[in-house]
Amino acid sequence: MPLWSTLPSKKRERRPSGFRSATGTRSGRFRLPALTAAAVSLTLALAGCAQVDTTSPADARNHAGTTTQARFGTVDCREAKCIALTFDAGPSENSARLLDILKEKHVPATFFLLGKRHIEKYPQLVKRMAAEGHEVASHTWDHKILTRISDRQIREELTRTDDAIEHLTGRKPTLMRPPQGRTDANVHRICRQLGLSEVLWSVTAKDYMTTDSALIEKRVLDQASRDGIILLHDLYKGTVPAVPGIIDALKARGYVFVTVPQLLAPGKAEPGKVYRP
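Criteria and cut-off values
Here the residue numbering is sequential within each chain, running from 1 through the sequence in written order. Thresholds applied to this predicted model are a pLDDT of at least 70 for local features of residues and 80 or more for the giving and counting of side-chain atom pairs; totals over whole chains, interfaces and linings are not thresholded and use all residues. Neither water nor hydrogens contribute to the side-chain values; these are computed over all heavy atoms in the structure. Put simply, DSSP H or I for four residues or longer makes a helix, DSSP E for two residues or longer makes a strand, and each gets a number counted from the N terminus. A simple rule labels every residue: compare its accessible area, found with a 1.4 Å probe on the protein chains alone, to the largest value its type can have, and call it buried under 20%, exposed over 50%, or partly exposed in between. By definition, residues are in contact when any of their heavy atoms lie within 4.5 Å. Using the Shrake-Rupley algorithm and a 1.4 Å probe, accessible areas are obtained, with residue cover drawn only from the displayed protein chains. Side-chain atoms within 4.5 Å are what join buried Ala, Val, Leu, Ile, Met, Phe, Trp, Tyr and Cys residues into a set we call a nonpolar core. Given the number of residues in a helix, its expected span is that number minus one, multiplied by 1.5 Å. N or O atoms closer than or at 3.5 Å make up a polar contact, with two conditions inside protein: a donor-capable atom paired with an acceptor-capable one, and, for residues adjacent in sequence, both atoms drawn from side chains. Cysteine sulfur atoms that pair up within 2.5 Å are treated as a disulfide. Pairing of aromatic rings covers Phe, Tyr and Trp, the last through its six-membered ring, and needs centres within 6.5 Å; plane angles under 30 degrees mean stacked, over 60 mean edge-to-face, and all others mean tilted. Strand pairing is assigned whenever DSSP detects at least two bridges linking the two strands. With its strands directed away from the observer, a crossover is right-handed exactly when the path from the first strand over the helix to the second travels clockwise. Looking at any residue, its pLDDT shows the predictor's confidence there, from 0 to 100.

*Asks:* Which parts of the structure should I look at to understand the overall build of the chain?
*Replies:* What the chain contains, in helices and strands, is 10 helices and 11 strands. Expressed as a percentage of its 277 residues, the buried residues of the chain come to 54%. Long-range pairs, those at least 24 residues apart, make up 76% of the contacts in the chain with a sequence separation of at least 6. With the model as given, the accessible surface of the chain reaches about 11800 Å², and the carbon-plus-sulfur share is 51%.

*Asks:* What should I look at first to understand the nonpolar core in this one?
*Replies:* A general trend in soluble globular proteins is that nonpolar side chains are found buried together. The biggest cluster of nonpolar side chains holds 37 residues, and the ones touching the most others in it are L85, F111, L232 and L250. Mapped by element, the contributors of at least two residues to this core are β3 (82-90), α3 (95-104), β4 (110-113), α5 (123-131), α6 (151-169), α8 (213-223), β9 (228-232) and α9 (239-252). Among the elements that make up this core, the one with the highest residue count is α9 (6 residues). Aside from chain neighbours lying at most four places away, what touches L250 is I83, L221, A224, I230, Y255 and F257. Core analysis: the next-biggest nonpolar cluster, separate from the first, contains 21 residues, C77, A80, V199 and V258 among them.

*Asks:* When you look at α9 in this model, what are you seeing that I'm missing?
*Replies:* Residues spaced three or four apart along an α-helix point in a common direction, a consequence of the helix completing one turn every 3.6 residues. End to end, α9 covers 20 Å across 14 residues, agreeing with the expected 20 Å (1.5 Å per residue, within 8%). Among all positions of α9, only T239, V240, A242, V243, G245, I246, I247 and L250 are buried. In this fold, the buried residues of α9 make contact with β3, α3, α8, β9 and β10 (256-258). The positive-phi residue at the C-terminal boundary of α9 is G254, with phi of around 95 degrees.

*Asks:* Sorry if this is basic, but what is going on with helix α7 (residues 185-194) here?
*Replies:* Among the residues making up α7, those that are buried are V187, H188, I190 and C191. Of the surrounding elements, those touching the buried residues of α7 are β2 (52-53), α6, β6 (175-176), β7 (197-199) and β11 (274-275). The N-cap of α7, judged by a side-chain oxygen 3.1 Å from the amide nitrogen of N186 a few residues on, is D184.

*Asks:* I'm lost on the state of the cysteines in this one. Help?
*Replies:* Here, disulfide denotes a covalent bond that connects the sulfur atoms of two cysteines. One pass over the full model with this rule turns up 1 disulfide. Each sulfur in the disulfide pair C77 and C82 lies 2.2 Å from the other. Between C77 and C82 the sulfur-sulfur dihedral comes to about -95 degrees; the bridge is accordingly left-handed.

*Asks:* I'm lost on the environment of M129 in this one. Help?
*Replies:* Counting through the fold element by element, M129 comes out in helix α5. Separated by 38 residues in the primary sequence, M129 and P91 place their C-alpha atoms 9.4 Å from one another. With sequence-adjacent residues up to four places away left out, M129 is seen in contact with P91, S95, L99, F111, L113, H134 and V136.

*Asks:* Even after reading the chapter, I still don't get the packing of aromatic side chains, so can you show me in this structure?
*Replies:* If you walk through the whole model with that rule in mind, you get 1 aromatic pair. Judged by centre distance (5.5 Å) and plane angle (20 degrees), the rings of F87 and F111 are stacked. Placement of F87 in strand β3 and of F111 in strand β4 is noted, with a sequence separation of 24 residues between them. In this pair, the class of F87 matches that of F111, namely buried.

*Asks:* Before we go on, may I ask you to explain the pairing of β9 in this structure?
*Replies:* It is a general feature of regular strands that their side chains alternate between the two faces of the sheet. Here β9 lies mainly inside the structure; 5 of its 5 residues are buried. Burial along β9 is two-sided: the residues G228, I230 and L232 and I229 and L231 are all buried. As paired strands, β3 and β9 are joined by 5 bridges and run parallel to one another. Residue pairing across strands places I83 opposite G228, the latter belonging to β9. Two elements, strand β8 (residues 203-204) and β9, share 2 bridges in a ladder whose sense is parallel. By the bridge assignment for β9, V203 is matched with I230. Assessed by its sense of winding, the connection that carries the chain from β8 through α8 to β9 is right-handed.

*Asks:* Quick question: what am I supposed to make of the confidence of the model for the chain here?
*Replies:* Note: predicted coordinates in regions of low pLDDT should not be interpreted at a detailed level. Confidence along the chain averages 85 in pLDDT terms, with 79% of residues attaining 70 or more. A low-confidence stretch, residues 1-50 stays under pLDDT 50, and its non-local contacts, those more than four residues away or across chains, total 104 contacts.

*Asks:* It is not clear to me how the environment of A164 should be interpreted in this structure. Could you clarify?
*Replies:* For A164, the location among the structural elements is in helix α6. You can call A164 buried: its relative accessible area is 17%. In this structure the C-alpha to C-alpha distance between A164 and W141, which are 23 residues apart in sequence, comes to 9.4 Å. Apart from the residues lying within four places of it in its own chain, the contact partners of A164 are I119 and W141.

Okay, here's the thing in structure tokens:
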């Protein structure tokens, strides 16, 4: 199904001191006016952009055919009311607590990890994510906006992260999430060559704009629907405390939490394609 690039409307994230911005400059802690300006700028920049074709989880499953085994592990999303919990821009100092929560509640997640100052800083957490059954994927090395950089730089952003994850987990990622959801035909082409599929989202709490855990929980619950892909960031202060309430409320509504590959099964993510509910 077609997607205009105004969706998803992910704003520029607040980063730790010294984090390289999307423009390649170094900046200190973001202030709220700067975040607001960035959000407005991003909205204006994306309006009217070229159309991006996406594949929904249901289409991925249906494309696999009716004779294919549908069950992936213990879940069949053709029958179950599935939803995927995903976290960007980790690992962080909050990831250990998040992993404790997910383990306690028997919930798998998909982690789209950054390399610089994240995978580099918390390699043991990357290993733990994989060991505990979560899907470990790429969010690029340094959060550069892929549509603004050269082919060589795109490849470096992707391959460097993939190599680091493979070194720690023994498995090269097959999924990536482009920073700010910005992608185009050139990014698709390079991802196809590198064996990567792009994964966007349908639910965002905008947790990079608030530390209010109750508000983060409410935003997720208001947007949740079957086959949804929830976007959160565990590096922000209000996010991890919101996760138990999100899980409990969605389970009470009959949802089953799955990783992104489980959501697509029996279909498989195809390199070069973009997936979004």
